[in-house]
Amino acid sequence: MKKTYRWDNLTRPEIEKLRDKDAVVIIPLGSTEQHGPHLMVGADALIATGISELVAQQLVAEGTPAVVAPTVSIGNSIHHMSFPGSLTLKPETYMQWLLEYCECLAHHGFKKIVMINGHGGNNLPTQTAIININEKLGFPVYTMTYECGSEREVDEILETQRGGMHACEMETSVALHLYPDLVDPSYKEVKGGDYSKEKPFTGPKVYTFWRMEQYTDNGAIGNTYAASPEKGKRLVDVMVKNLTRLIKELW
């Protein structure tokens, strides 16, 4: 069935109409990388896409024209490359890709562009890329994670950790809600490191680059066994609500 909120489902005249309505273009940012023994390697891209689609539908329902552009499904995942299944771009390649992507959208007259990111490794290169993007386009392009604006509510839903980690209670719950057939039942037995609400996963105050195997033996960080589809629905609902509000406040 045709999804009128997806760019790749639309015809040229339909996209022209969205341009004329000054529609918001949402670019989901993800990755293709290992997610422990239980989650699909496309988890970040699929989750960012699923949430972006729900946000676009909610924006349209509230009177704001919106469309979800094709997902950036390979990002900066160098730190995962010791685990099979992972694909990566160099940070500079990824940043150039984002610049040229946004240039295409602007060329066709779209000036309301926001990226919804589902992969932590994309955060720094995306923010850096936006410096050049905004300078080149002459108008602001925005980025946010799919947790953005929902951090307190997310913490209240999660039982064993604070916020998202990697293939964890939060991410696995969201995947169980959005893509239940893609989650391996082994998630009920997986634990990634000795982390809890009392002992959250945090990096050192002095930053450097670390690879995933320095944090985890099985590729997961967090308490995957505590995930559930019910938590996933609650998480997605608050994320979509808050992302919709934040995006409407941008323009």
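As the structure is a computational prediction, the values presented were derived from the model and not from experiment.

We now examine the nonpolar core. Of all hydrophobic cores here, the largest spans 44 residues; its most connected members are Ile26, Val55, Met239 and Ile247. Contributions of two or more residues to this core are made by β1 (24–29), α2 (43–61), β2 (66–68), β3 (112–117), α5 (151–157), α6 (169–178) and α7 (229–250). Among the elements that take part in this core, α7 stands out by supplying eight residues, more than any other. Dropping the residues within four chain positions of it, Ile247 is found in contact with Val24, Ile26, Val55, Leu59, Val114, Ile116 and Met144. Counting residues in each nonpolar core, the second largest holds 26 residues, with Leu10, Tyr94, Cys102 and Phe110 among its members.

On to α2, then. Compared with the 27 Å implied by 1.5 Å per residue over 19 residues, the 27 Å span of α2 between its first and last C-alpha is a close match. Remark: Gly63 follows α2 within two positions and exhibits a positive phi of approximately 95 degrees.

Here we come to the environment of Thr244. Within the secondary structure layout, Thr244 lies in helix α7. You can call Thr244 buried: its relative accessible area is 2%. Sequence-wise, Thr244 and Gln57 are 187 residues apart; in three dimensions their C-alpha atoms are separated by 9.5 Å. With residues near it in sequence (within four places) discarded, Thr244 still touches Val55, Gln58, Leu59 and Glu62.

Scoring rules and cut-offs
All residue numbers here refer to positions counted from 1 along the written sequence of the relevant chain. It should be noted that, the model being predicted, local features are given only for residues of pLDDT at least 70 and side-chain atom pairs only at 80 or more, the latter also being counted only at that level, while totals for whole chains, interfaces and linings use all residues. In computing side-chain properties, one takes all heavy atoms of the structure into account and sets aside hydrogens as well as water. The term nonpolar core refers to a set of buried residues drawn from Ala, Val, Leu, Ile, Met, Phe, Trp, Tyr and Cys, joined through side-chain atoms within 4.5 Å. When accessible area is computed with a 1.4 Å probe and restricted to protein chains, residues below 20% of their type maximum are described as buried, those above 50% as exposed, and intermediate ones as partly exposed. Labels follow the DSSP assignment, with helices taken as runs of H or I lasting at least four residues and strands as runs of E lasting at least two, numbered in each case from the N terminus. The contact rule is simple, with two residues in contact once any of their heavy atoms fall within 4.5 Å. Expected helix span is taken as 1.5 Å per residue step, with the number of steps being one fewer than the number of residues.

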